[in-house]
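# Secondary and tertiary structure notes
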6 protein chains.
Amino acid sequence: MALLPPLDDAALSPEARAVFDDLRATRKTDYVNAFWRVLANDPPTLARVWASVKEVMAPGALDPLTKELVYIAVSATNNCNYCMHSHTAAARAKGMSEAQFRELMAVVALANQTNALANGYRIDVDERYRAPLA
Amino acid sequence: MALLPPLDDAALSPEARAVFDDLRATRKTDYVNAFWRVLANDPPTLARVWASVKEVMAPGALDPLTKELVYIAVSATNNCNYCMHSHTAAARAKGMSEAQFRELMAVVALANQTNALANGYRIDVDERYRAPLA
Amino acid sequence: MALLPPLDDAALSPEARAVFDDLRATRKTDYVNAFWRVLANDPPTLARVWASVKEVMAPGALDPLTKELVYIAVSATNNCNYCMHSHTAAARAKGMSEAQFRELMAVVALANQTNALANGYRIDVDERYRAPLA
Amino acid sequence: MALLPPLDDAALSPEARAVFDDLRATRKTDYVNAFWRVLANDPPTLARVWASVKEVMAPGALDPLTKELVYIAVSATNNCNYCMHSHTAAARAKGMSEAQFRELMAVVALANQTNALANGYRIDVDERYRAPLA
Amino acid sequence: MALLPPLDDAALSPEARAVFDDLRATRKTDYVNAFWRVLANDPPTLARVWASVKEVMAPGALDPLTKELVYIAVSATNNCNYCMHSHTAAARAKGMSEAQFRELMAVVALANQTNALANGYRIDVDERYRAPLA
Amino acid sequence: MALLPPLDDAALSPEARAVFDDLRATRKTDYVNAFWRVLANDPPTLARVWASVKEVMAPGALDPLTKELVYIAVSATNNCNYCMHSHTAAARAKGMSEAQFRELMAVVALANQTNALANGYRIDVDERYRAPLA
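Report on the accompanying structure. (Residues numbered from 1 in each chain as written. Chains lettered and ligands numbered in written order. Predicted model: local features only at pLDDT ≥ 70, side-chain atom pairs only at ≥ 80, totals over all residues. Heavy atoms only, no water.)

### Describing the interface of chain E and chain D
On the chain D side, the residues contacting the 18 residues of chain E number 18 residues. Surface buried jointly by chain E and chain D totals about 1700 Å² across both partners, of which 61% is contributed by carbon and sulfur atoms. Of all residues in chain E, the largest losses of buried area upon contact with chain D belong to E:Gln113, E:Tyr121 and E:Arg122, amounting jointly to 30% of the total for that side. Put simply, chain E and chain D have zero salt bridges between them. Summed over the shared surface of chain E and chain D, the number is four residue pairs in polar contact (both at pLDDT 80 or more). (Contact = heavy atoms within 4.5 Å. Buried area = accessible area lost by both parts, 1.4 Å probe. Salt bridge = Lys/Arg side-chain N within 4 Å of Asp/Glu carboxyl O. Polar contact = N/O pair within 3.5 Å; in protein donor to acceptor, adjacent residues only side chain to side chain.)

Set out below in structure tokens:
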């Protein structure tokens, strides 16, 4: 049971309603998932987080599917139950194949293993890697 | 200072040497970074982890650059200093642009924010998301 | 299903009973929540953890409600289901308003986002911040 | 060495410059710390994150010092080196005493201990805690 | 509901079937738990992870029970629900007493507390500890 | 630079001095490492944490070396730089061989990998594992 209740449309403040309207128009669906309905209890956070998601997940130097794969990788590492379910659904809708999902999970698991080795052994960064990318 | 010393080539066991040979041939470079030189203190782990990396990071349903981006996303979330330096270098070598890196970090940061909201509020998974992807 | 069963009062060892007596007297309630009933399987840990909670959460330079807010912030970041439910209830009992809870969650989420950026980009600490607080 | 270089004022894009101007005016200081100078490589993220920080950390149902204490609690739990240094400095500037900092760290450490017990023992949430706060 | 379905024996690919055969022979039981049945959707990952588990968890410089205790310690720290249930069962089968489990959890919780203090206070490593173990 | 300075003996409060005396007598060494010298800024926390460490790490159903191995496993998973250095030193002093350390790290890394798979795939716990251990 969420710590704040998901709000149905009738319970939305005008500010929250405006966010839902934009979310529906942007996603071309009437469905608004529970994440946003719980955040609707806090309209400024709802508006701020939705604006961030809309901007960050838009097509750019990375395509939207790649961004969803990254989102899943972070969510698996953080053990976020809600996020794994909602973002794998979003990735599927954006074209993620089951084969891509399986490979994604294999990379995430491998990275968690080698992160533990590098962090655990306290491995020093190679001289050649110690420079900004730019 | 790593908890086990990075081994130079002269200090390698035959099993470790064979792994380094394959790593050099696979990566088409003579350079072997510190991660592998520290693991060389434990040849079975060196061999096992290298075999996993070689298999998992190979081209498949996901391309090698996408896999590196996912690796960076996990490493940033796990705060792995060594991995951030080595995998951003690897991603650059595979064609990651600075613009792609900036967007990647923006997605990773956003996902960490929304994971905290979903985990913190204990948001229940929508009925429609409760099914296997397959 | 917890890995060790929550013990009811009849099942308590004398050492555990003494802890429950002090917990009830300190909290001015007969209710003892499941966290303590599971720890009651390990009386020395029950006694040690209760003594720590009693000392650390007492009024001091920080008031008890602020301490509960900090507890919730850590629990949300660690994705602790039990702790989020029990400590939000405790904070409500100590006067946390729903508005305070919403702002708390917004700060926790923002901090998780900026932590990911600082850790991910490996940002060096400003010279002026490199000194003990004292 | 950060993965992207901190930018000095001369290197700022117009969008980044505008953010720095607002940050300086809001904080009433000419000093802009490295976190923002690294984000300045990505002006949209700099603008978005600064706008979030400005809004979320403003006085509200929680006072600014309490918000900084929460920020420190999250940063300690996430092991964020940069954030611990910058936010303890910010908290000191907002009036955090050394005694408050010591108590804050004691609560953070205790919460990490009890989170591990609740997560490790998989303790089920008490019936009475299973309801939204609202 | 897992994101990929656990596969029953009739649904296994030849590669997955061979892994299950080896797992059953190695563990001397017909029972194959859900972790492997979900991984069976990705035969190469199933084979790779099983080979790693078989090699790493075998008797060596550390006995199998000690390795299970370490596995539980990591799983509790990572809040892995599945792993806590499966590895405490495995440890019990290898002889872990309830007293050993209680002490294990007490050590795990204490370590999470002191890790938070050392990470939070950013304590510098003593000169005498700054050397490889070898 | 730690956020609070490590205190030398001359700077100790009487309460902190008493803890150092007990720590030196218990460990049979005059050396007190930086962790305790930083905690000495907060004598009640120093006393509480030392009492917990003394009790939890004492021989019991698990031997002291096994407890140190568990401590290292948690510290590697939490990426605690200070703790990895201090507890590997402590484990070495209690007889940990380099071979044991290498195997420990291999188990820790494997557990982090399989935790990511179980958490990421959201694998449901087998019916047979859903019961208390007791």
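### Some thoughts on the relation of the copies chain F and chain E
With an axial shift of 0.0 Å and an RMSD of 0.0 Å, the rotation relating chain F to chain E amounts to 180°. Look at the turn and shift together and you get a two-fold axis relating the two. The overlap is high: 100% of the interface residues of chain F also sit at the interface in chain E, so the same surface is used on both sides. (Least-squares fit on C-alpha atoms with pLDDT ≥ 70 in both.)

### Considerations on the relation of the copies chain E and chain D
Superposing chain E onto chain D takes a rotation of 180° combined with a translation of 0.0 Å along the rotation axis, leaving an RMSD of 0.0 Å. Take the interface residues of chain E: 100% of them recur as interface residues in chain D, which is what a same-surface contact looks like.

### Thoughts on the packing of aromatic side chains
Inspection of every chain in the model, using the stated rule, returns 24 aromatic pairs over all chains. When the centroid spacing of 5.5 Å and the interplanar angle of 90° are considered together, the rings of A:Trp36 and A:Trp50 count as edge-to-face. Residue A:Trp36 is found in helix H2 (residues 34–39), and its partner A:Trp50 is found in helix H3 (residues 43–56); the two are separated by 14 residues along the sequence. Judged by relative accessible area, which is 5%, A:Trp50 ranks as buried. For the ring pair B:Tyr121 and C:Phe101, a centre distance of 5.6 Å and an interplane angle of 90° mean the geometry is edge-to-face. Of this pair, B:Tyr121 sits in helix H6 (residues 98–121) while C:Phe101 sits in helix H6 (residues 98–120), placing the two residues on different chains. Its relative accessible area of 0% is what places C:Phe101 among the buried residues. The ring of A:Tyr31 is capped by B:Arg128, whose NZ or CZ atom sits 3.4 Å from the centre of that ring. (Phe/Tyr/Trp six-rings, centres within 6.5 Å; stacked < 30°, edge-to-face > 60°. Helix = DSSP H or I, 4+ residues; strand = E, 2+ residues; numbered from the N terminus. Buried < 20%, exposed > 50% of the residue type's maximum accessible area, 1.4 Å probe, protein only. Lys NZ or Arg CZ within 6 Å of the ring centre and 35° of its normal.)

### What about unusual backbone geometry?
Residues other than glycine seldom take positive phi values, yet D:Arg122 does so here, at roughly 55°. Secondary-structure assignment places D:Arg122 in the segment after helix H6 (98–120). Overall, the relative accessible area of 17% leaves D:Arg122 in the buried class. In this structure, F:Asn79 is a non-glycine residue whose phi angle is positive, near 60°.

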